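Residues per chain are reported as follows:
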Amino acid sequence: MSDDIAAAARELGRLLTATEARELAERLADDDTLTAALHVLAPARRPLVRALLESIGYPVPALSLLYAVEGARAGRTGIDLLWTMPGHLAQSGPLTSSVPYLVDNARFCVTCSTFNFQRSSGMWEALRRAATRPEIELRVYVDTQAGDRDPKPWSPTTTEVAEHLHPGVVLRTKMFDGSYIRNHAKFLAIDHRFLLVTSANLSWSAEHGNVEFGVLIDNPNLAETVERELRDAEEMLYEWVPRPNR
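Let us look at the structure shown here. (Residues numbered from 1 in each chain as written. Predicted model: local features only at pLDDT ≥ 70, side-chain atom pairs only at ≥ 80, totals over all residues. Heavy atoms only, no water.)

1. So, the overall build of the chain
Logical step 1: Assigned secondary structure in the chain consists of 11 helices and 10 strands.
Logical step 2: Relative to its length of 246 residues, the chain is compact, with a C-alpha radius of gyration of 20 Å against a globular reference of 18 Å.
Logical step 3: Summarising its shape, the C-alpha atoms of the chain cover approximately 60 × 45 × 35 Å along the three principal directions.
Logical step 4: When each of the 246 residues of the chain is scored for burial, the buried share is 45%.
Logical step 5: Carbon and sulfur atoms make up 55% of the accessible area of the chain, which totals about 12,200 Å².
Logical step 6: Measuring between centres, the 26 positive side-chain charges of the chain sit 4 Å from its 33 negative side-chain charges. (Helix = DSSP H or I, 4+ residues; strand = E, 2+ residues; numbered from the N terminus. Rg over C-alpha atoms; globule rule 2.2 N^0.38 Å. Buried < 20%, exposed > 50% of the residue type's maximum accessible area, 1.4 Å probe, protein only. Areas by Shrake-Rupley, 256 points an atom, 1.4 Å probe, with all protein chains shown as cover. Lys, Arg positive; Asp, Glu negative; His and termini not counted. Charge placed at Lys NZ, Arg CZ, Asp CG, Glu CD.)

2. Considering a nonpolar patch on the surface
Logical step 1: On the surface, Ile79, Leu81 and Phe213 cluster together into a nonpolar patch covering about 260 Å² of accessible area.
Logical step 2: Note that Phe213 resides in strand β9 (residues 212-218). (Patch = residues over 30% accessible without salt bridge, like charges linked within 9 Å, V, L, I, M, F, W, Y side chains within 5 Å. Salt bridge = Lys/Arg side-chain N within 4 Å of Asp/Glu carboxyl O.)

3. Brief notes about helix α11 (residues 220-237)
Logical step 1: Between its first and last C-alpha, α11 extends 25 Å over 18 residues, near the 26 Å set by a 1.5 Å rise per residue.
Logical step 2: By the burial criterion, the buried members of α11 are Pro220, Ala223, Glu224, Glu227, Leu230 and Glu234.
Logical step 3: Two or three places before Asn221, at the opening of α11, Asn219 has a side-chain oxygen 3.1 Å from that residue's backbone nitrogen. (Expected span 1.5 Å × (residues − 1). Polar contact = N/O pair within 3.5 Å; in protein donor to acceptor, adjacent residues only side chain to side chain.)

4. Brief notes about the pairing of β9
Note on strand geometry: in a regular strand, side chains alternate between the two faces of the sheet.
Logical step 1: The element β9 is extensively covered by neighbouring structure, given that five of its seven residues are classed as buried.
Logical step 2: Pairing of strand β1 (residues 78-84) with β9 involves seven bridges; the strand directions are antiparallel. Across the sheet, Leu82 pairs through a bridge with Gly214, a residue of β9.
Logical step 3: Taken together, the five bridges between strand β8 (residues 194-198) and β9 define a ladder with antiparallel strand orientation. (Pairing = 2+ DSSP bridges.)

5. Some details on the sheet that holds strand β4 (residues 169-173)
Logical step 1: In space, the eight strands of this open sheet follow the order β1-β9-β8-β7-β2-β3-β4-β10, with mixed pairing throughout. The open sheet has two edge strands with one neighbour each: β1 and β10 (238-240). Sheet twist, expressed as the average angle between the axes of neighbouring strands with direction ignored, equals 15°.
Logical step 2: Across the sheet, α11 touches β2 (109-113), β3 (137-142), β4, β7 (187-190), β8, β9 and β10, and the angle it forms with β10 is around 85°. (Axes fitted to C-alpha atoms, helices over the stretch in contact; angles between N-to-C directions. Contact = heavy atoms within 4.5 Å.)

6. Points about the environment of Glu227
Logical step 1: Topologically, Glu227 is positioned in helix α11.
Logical step 2: On the accessibility criterion, Glu227 (8% relative accessible area) is buried.
Logical step 3: Residues Glu227 and Ile79, 148 residues apart in the sequence, show an inter-C-alpha distance of 18 Å.
Logical step 4: Glu227 has contacts with Thr111, Ala189 and His192, leaving out every residue within four places of it along the chain.
Logical step 5: At a separation of 2.8 Å, a polar atom in the side chain of Glu227 contacts the side chain of Thr111.

7. Concerning the nonpolar core
Logical step 1: Ranked by size, the top nonpolar core spans 27 residues in total, and within it Val103, Val110, Leu127 and Leu188 carry the most contacts.
Logical step 2: Secondary-structure elements contributing two or more residues to this core are α6 (99-104), β2, α7 (122-131), β3, α9 (158-164) and β7.
Logical step 3: At six residues, the largest contribution of residues to this core is made by α7.
Logical step 4: When residues no more than four places from it in sequence are discounted, the contact partners of Leu127 are Val103, Val110, Cys112, Phe117, Leu138, Leu165 and Leu202. (Core = buried A, V, L, I, M, F, W, Y, C linked by side-chain atoms within 4.5 Å.)

8. Things to note about a negative patch on the surface
Logical step 1: A cluster of acidic side chains, namely Glu23, Glu26, Asp30, Asp31 and Asp32, defines a negative patch on the protein surface.
Logical step 2: Counting through the fold element by element, Asp30 comes out in the loop between α2 (18-29) and α3 (34-37).
Logical step 3: By relative accessible area, which is 59% here, Asp30 ends up exposed.

Written as structure tokens, this is what we have:
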């Protein structure tokens, strides 16, 4: 293997998640064109992945590499603890207030689910920065009643969240069996790899003053499973918040 092909293989392994690698391989194995196969990726990432696959050679050399990427990404798990405690009393793991750093370092996608959204949260601006990056796919789930039932100056409505995070996708809970679903799932998924499950809402107090606990897991299979589960339930439980006219 030449140095150029080896470098391309390493970069491809860095760029793709296990699911993306598998779906690309399956499409190429089914004799899809490379253009058609690349539709499993966000548009902004397709040109670079195309160039890498073409430099490696497809379908045969690329197929073997793509399945190897899937296997390598599926095999590791790392766990960190995140705490919020008054007076910086937490001694193990990073602080909840460091979570915006994860969002700022996302490479291609961010999925966030929360009950309570406040403008004082560090995530309010971190998610906005992610939304304005063309290479990032942003998807946010919010609770309709928490945002819209009794609006406060410091707590945006679901429509204001959608406007702030444009052009990202914002979904809110809807009526189910006669009452509103309550979105109490609080998690953050980064690049289909890192999954933060936390008690913290998106507020200053949850990030700096309360006692909150979370677990940050580095496991692509788990992150993708959680995201897929919510995506599969969207039609029944959520509705898209209309995007602002711009």
